[in-house]
Amino acid sequence: MRPGRAASFARVQPLSEKDIRGSFVNCSKGEAQRMNVPRDLAGLDWETRDFLGWRDPGAPERAYLIAERTAGLTGVALRASPGGKRGFTSRSMCSLCLTTRTAGGVALMTAHRAGPAGRQGNSVGQYLCTDLACSLYARGLRAPAAGADLDESLSPEDKITRMLANLGTFLDQITR
């Protein structure tokens, strides 16, 4: 782990389909087996990812996020709220990377809690980038639409550390 990184995280390493399916803490093994995993795992730029996040192309309301924590891989299944029509000037902020986006670039995503609480229907929600590319936004490798982002003086490393702390809080809420 690099200095300055959130203590409970390591950069996500290349993952196999088996790793992905076995990491989920808030869905059944059957659900994990039926999910669509990213098609080109070998072609992903793993060096720019602090977690793996993707939307299911066959079911756009479904999203998935996997982080490498010191305790091991933690995968969560998410449900994205259907985005309503928003005006171009409407802005929303991702609660992980704090990137401000326009025109539906941020959506409320909810996750069932792990264990008995989740089986009782308890869930946790956060506003997240709809493309789950927070690592790229924090590094400045992807930019939101022109005029959407706020000017910030933090270094990319500080933004990554902040994003991982926010992700840790979200994952802790799901797994406790």
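Residues numbered from 1 in each chain as written. Predicted model: local features only at pLDDT ≥ 70, side-chain atom pairs only at ≥ 80, totals over all residues. Heavy atoms only, no water.

What about the environment of Pro156?
Right, so step 1: By the secondary structure assignment, Pro156 is in helix 5 (residues 156–175).
Right, so step 2: Residues Pro156 and Gly140, spaced 16 residues apart in sequence, show a C-alpha to C-alpha distance of 7.1 Å.
Right, so step 3: Once residues within four sequence positions are removed from consideration, Pro156 is found in contact with Ala138 and Arg139. (Helix = DSSP H or I, 4+ residues; strand = E, 2+ residues; numbered from the N terminus. Contact = heavy atoms within 4.5 Å.)

Re the environment of Arg139
Right, so step 1: Structurally, Arg139 is set in helix 4 (residues 134–139).
Right, so step 2: Note on Arg139: relative accessible area 16%, which makes it buried.
Right, so step 3: The spatial distance from the C-alpha of Arg139 to the C-alpha of Lys159 is 7.6 Å, given a sequence separation of 20 residues.
Right, so step 4: In this structure the side chain of Arg139 is engaged in a polar contact, spanning 2.5 Å, whose partner is the side chain of Asp50. (Buried < 20%, exposed > 50% of the residue type's maximum accessible area, 1.4 Å probe, protein only. Polar contact = N/O pair within 3.5 Å; in protein donor to acceptor, adjacent residues only side chain to side chain.)

Observations regarding the pairing of strand 7 (residues 106–112)
Right, so step 1: Across two bridges, strand 4 (residues 72–80) lies against strand 7 in antiparallel orientation. Residue pairing for strand 7: Ala80 is matched across the bridge by Met109.
Right, so step 2: Examined bridge by bridge, strand 7 and strand 8 (residues 123–129) share seven bridges and lie antiparallel to one another. For Ala111, the partnering residue across the bridge sits in strand 8 and is Val124. (Pairing = 2+ DSSP bridges.)

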